[in-house]
Amino acid sequence: MTIRLLLADDQALVRQALCALLELEDDFAVVASIGRGDQVVDAALAEQPDVALLDIEMPGLDGLAAAAVLAKQAPGCRVVMLTTFGRAGYLRRAMEAGAVGFVVKDAPAETLADAIRRVVAGERVVDPALAVATLAAGESPLTARERDVLIAARSGVSVAEIAATLYLSEGTVRNYLSAAIAKTGTRNRMEALRVADERGWL
């Protein structure tokens, strides 16, 4: 049996290297290789891969959002998140989005190949150290709106600009920012953003 693979990563060199490595396996065939998250679903529907390997941070649509859409529109395609960011919050969100595997990019090639075969066999595959860290970290304390406000604050824009972007009042934005700062144990919104990002809450 040949396992059909879709690979999505916005870094061309990484994507090409991964394709080359995967094609060395006798039972793998890369049927789609794309660089944007908003191309994932169309490629999956067109090529009918068995497994989609998705980077988390991509333009157009991040890998977590793409995984959630794939789970609904192409339920026969198993999703493995392949990422540089081995963060506990990312793992939890990936599983909630329907991913069945989570592999960090610095893992050996044979680890990735083994993970692909195992998810095709119906298993879930997660780096053990990351699984332990995820359990220890617990769920994100941020509400969806607090998360939205922090993401909007990422470029250093003013409260007024965040309010306009999210169709909220400036007072409401300040309240959400204050709550996020308190929950991350930080002193200001940029520190809160850094901590939330590092923990995979955004």
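Residues numbered from 1 in each chain as written. Predicted model: local features only at pLDDT ≥ 70, side-chain atom pairs only at ≥ 80, totals over all residues. Heavy atoms only, no water.

Let's talk about the overall build of the protein
Piece 1. Looking only at helices and strands, one finds 10 helices and six strands in the protein.
Piece 2. Relative to a compact globule of 202 residues, whose C-alpha radius of gyration would be 17 Å, the protein shows 18 Å and is just as compact.
Piece 3. In terms of principal-axis extent, the alpha carbons of the protein reach across some 60 × 35 × 30 Å.
Piece 4. Here the protein, with 202 residues, has 43% of them falling under the buried criterion.
Piece 5. Within the protein, residue pairs in contact and separated by at least 24 positions form 64% of the contacts whose partners lie at least 6 positions apart.
Piece 6. Total accessible area on the protein is roughly 9,900 Å²; 53% of this is exposed by carbon and sulfur atoms.
Piece 7. Positive and negative side-chain charges of the protein, numbering 21 and 27 respectively, have mean locations separated by a distance of 7 Å. (Helix = DSSP H or I, 4+ residues; strand = E, 2+ residues; numbered from the N terminus. Rg over C-alpha atoms; globule rule 2.2 N^0.38 Å. Buried < 20%, exposed > 50% of the residue type's maximum accessible area, 1.4 Å probe, protein only. Contact = heavy atoms within 4.5 Å. Areas by Shrake-Rupley, 256 points an atom, 1.4 Å probe, with all protein chains shown as cover. Lys, Arg positive; Asp, Glu negative; His and termini not counted. Charge placed at Lys NZ, Arg CZ, Asp CG, Glu CD.)

Notes on the nonpolar core
Piece 1. By size, the foremost hydrophobic cluster in this structure holds 26 residues, and its most contacted members are Leu-6, Val-40, Leu-54, Leu-70 and Met-81.
Piece 2. Of all the elements in the fold, those that place two or more residues in this core are β1 (3–8), β2 (28–34), α2 (40–47), β3 (51–54), α3 (63–73), β4 (78–83) and α4 (88–96).
Piece 3. Every residue in contact with Leu-6, bar those within four places of it in the chain, is listed here: Ala-32, Ile-34, Val-40, Ala-43, Ala-44, Pro-49, Val-51, Ala-52, Leu-53 and Leu-54.
Piece 4. By size, the runner-up hydrophobic cluster in this structure holds 21 residues, among which are Leu-53, Val-80, Ala-113 and Val-125. (Core = buried A, V, L, I, M, F, W, Y, C linked by side-chain atoms within 4.5 Å.)

A short note on the UniProt feature "modified residue: 4-aspartylphosphate" (unreviewed entry) in the protein
Piece 1. Mapped onto the present numbering, the UniProt feature "modified residue: 4-aspartylphosphate" (unreviewed entry) falls on Asp-55.
Piece 2. As for its position among the elements, Asp-55 is in the loop between β3 and α3.
Piece 3. Those residues in contact with Asp-55 that lie beyond four places of it in its chain are Ala-8, Asp-9, Asp-10, Gly-63, Met-81, Leu-82, Thr-83 and Lys-105. (UniProt positions renumbered as here; feature names shortened; annotations may be inferred.)

Re the sheet that holds β3
Piece 1. Spatial strand order, β2-β1-β3-β4-β5-β6: six strands in an open sheet with parallel pairing. At either end of the open sheet lies a strand with only one pairing partner, and these are β2 and β6 (125–126).
Piece 2. Where β1 meets β3, four bridges bridge the pair, whose relative direction is parallel. Among the inter-strand pairings, Ala-8 is bridged to a residue of β3, identified as Leu-54. (Pairing = 2+ DSSP bridges.)

Notes on α2
Piece 1. Those residues of α2 that sit buried are Val-40, Val-41, Ala-43 and Ala-44. The arc enclosing the buried residues of α2, seen along the axis, measures out at 165°, which places them on a common side. Within α2, the exposed residues directed more than 90 degrees away from the buried face are Asp-42 and Ala-46.
Piece 2. Following α2 by one or two positions, Gln-48 has its phi on the positive side, about 50°. (Arc of directions from axis to C-beta.)

Brief notes about the pairing of β1
Piece 1. Summarising burial for β1: five of the six residues are buried, a large majority.
Piece 2. Remark: the β1/helix α1 (residues 12–23)/β2 crossover connection has right-handed handedness. (Right-handed = clockwise from strand over helix to strand, strands pointing away.)

Digging into unusual backbone geometry
Piece 1. Here the phi dihedral of Gln-48 falls at roughly 50°; this positive angle occurs in a residue that is not glycine.
Piece 2. Summarising the element assignment, Gln-48 is placed in the loop between α2 and β3.

Comments concerning the side chain of Thr-83
Piece 1. With respect to the helices and strands, Thr-83 occurs in strand β4.
Piece 2. Judged by relative accessible area, Thr-83 falls into the buried class, the value being 0%.
Piece 3. Beyond its immediate sequence surroundings of up to four residues, Thr-83 is in contact with Asp-55, Ile-56, Phe-102, Val-103, Val-104 and Lys-105.

Let's talk about the pattern of salt bridges
Piece 1. As enumerated under the stated definition, the model contains 13 salt bridges in all.
Piece 2. In this structure, Glu-25 engages Arg-117 in a salt bridge whose closest nitrogen and oxygen atoms are separated by 2.7 Å. Placement of Glu-25 in the loop between α1 and β2 and of Arg-117 in helix α5 (residues 109–120) is noted, with a sequence separation of 92 residues between them.
Piece 3. Residue Arg-174 pairs with Glu-170 through a salt bridge whose shortest N-O separation is 3.6 Å. Residue Arg-174 and its partner Glu-170 are both found in helix α9 (residues 170–184); the two are separated by four residues, about one turn of the helix.
Piece 4. Overall, Arg-174 belongs to the partly exposed group, its relative accessible area being 45%.
Piece 5. In this structure Glu-170 comes out as partly exposed when scored by relative accessible area, which is 36%.
Piece 6. Connected via shared salt-bridge partners are Asp-9, Asp-55 and Lys-105. (Salt bridge = Lys/Arg side-chain N within 4 Å of Asp/Glu carboxyl O.)

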